[in-house]
Amino acid sequence: LGDFVSQGNEKNYRKYVQLMEEELRVPMLTVIGNHDRSRPNGDADKSFYESIFGKGDFAYDYNGWRFIGVDTADRRMTRAQLDWLRGVLDTPNGKLVFTHVPPKYLSRRFRTRSMENKGGTVSDASSGYFEEGASEFGELVSAARVDRVYLGHIHAFGVADHEGVRYVLSGCGGSPHYPLPPGYPHRMFAHYLRVELSPDGVRATAVP
């Protein structure tokens, strides 16, 4: 879900590619994060990422499901991206969307089960969400009845339901966790998600 290197320069990508060549035993698909660009913030190019992994927007079908990767590394979705997304969401298959930066409408909405009666939320007021194209993105995934949207960027774990779509924030793969707001249960933990897909839907488990 993005941010594989701290900054997208040649030195970091050489180390990352070497790590993949030495350690990977299963196929891996990626979506680009803001740190995977030439600079984490501001104007940046994506040449190293794209030369290794390809374009940030992609879609493919496998076993009755459509997997869709969306590039939000610039903290926005352009009109061209939204038009492309509208087309790839037009399928009878189950649909999963993967992207790095969460849309703005989810700000302060992520919860874990232990938080439901405590009012705790995940927030990053500075740069945790993208705003340009966010509302259109939300309308598209809701209208298409997307089964899950998986998100990174914010260093936390959480779940949010919005307009009939479940969003899963999984941003604690290994980087330092964000500070917890007052009253937030201690649910910040390095983890991965095990996701099982079947004709009956999606079943996911967070594995510490």
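The structure under discussion appears in the preceding block.
Residues numbered from 1 in each chain as written. Predicted model: local features only at pLDDT ≥ 70, side-chain atom pairs only at ≥ 80, totals over all residues. Heavy atoms only, no water.

> A description of helix 3 (residues 79–88) should follow, citing residues and the corresponding values.
Among the residues of helix 3, those classed as buried are Q81, L82, L85 and V88. All buried residues of helix 3 project into a common sector of 125° when viewed along the axis, lining one side. In this fold, the buried residues of helix 3 make contact with strand 1 (58–62), strand 2 (65–70) and helix 4 (134–143). (Buried < 20%, exposed > 50% of the residue type's maximum accessible area, 1.4 Å probe, protein only. Helix = DSSP H or I, 4+ residues; strand = E, 2+ residues; numbered from the N terminus. Arc of directions from axis to C-beta. Contact = heavy atoms within 4.5 Å.)

> Please give an account of the environment of Y150 that cites residues and values.
Structurally, the position occupied by Y150 is in strand 4 (residues 148–151). Since its relative accessible area comes to 4%, Y150 is described here as buried. It is 6.1 Å that separates the C-alpha atoms of Y150 and L169, two residues lying 19 residues apart in sequence. Among residues more than four places away in sequence, those in contact with Y150 are L1, L96, V97, F98, T99, V168, L193, V195, V202 and A204.

> Mind laying out the pattern of salt bridges, listing which residues take part and the relevant values?
Within the structure shown, the criterion is met by nine salt bridges. For K46, the salt bridge goes to D71, with nearest N and O atoms at 2.6 Å. Of this pair, K46 sits in the loop between helix 1 (10–23) and helix 2 (47–53) while D71 sits in the loop between strand 2 and helix 3, placing them 25 residues apart in sequence. As far as burial versus exposure is concerned, K46 and D71 are alike and both buried. In this structure, a network of salt bridges that share partners links the residues R37, K46, D71 and D74. (Salt bridge = Lys/Arg side-chain N within 4 Å of Asp/Glu carboxyl O.)

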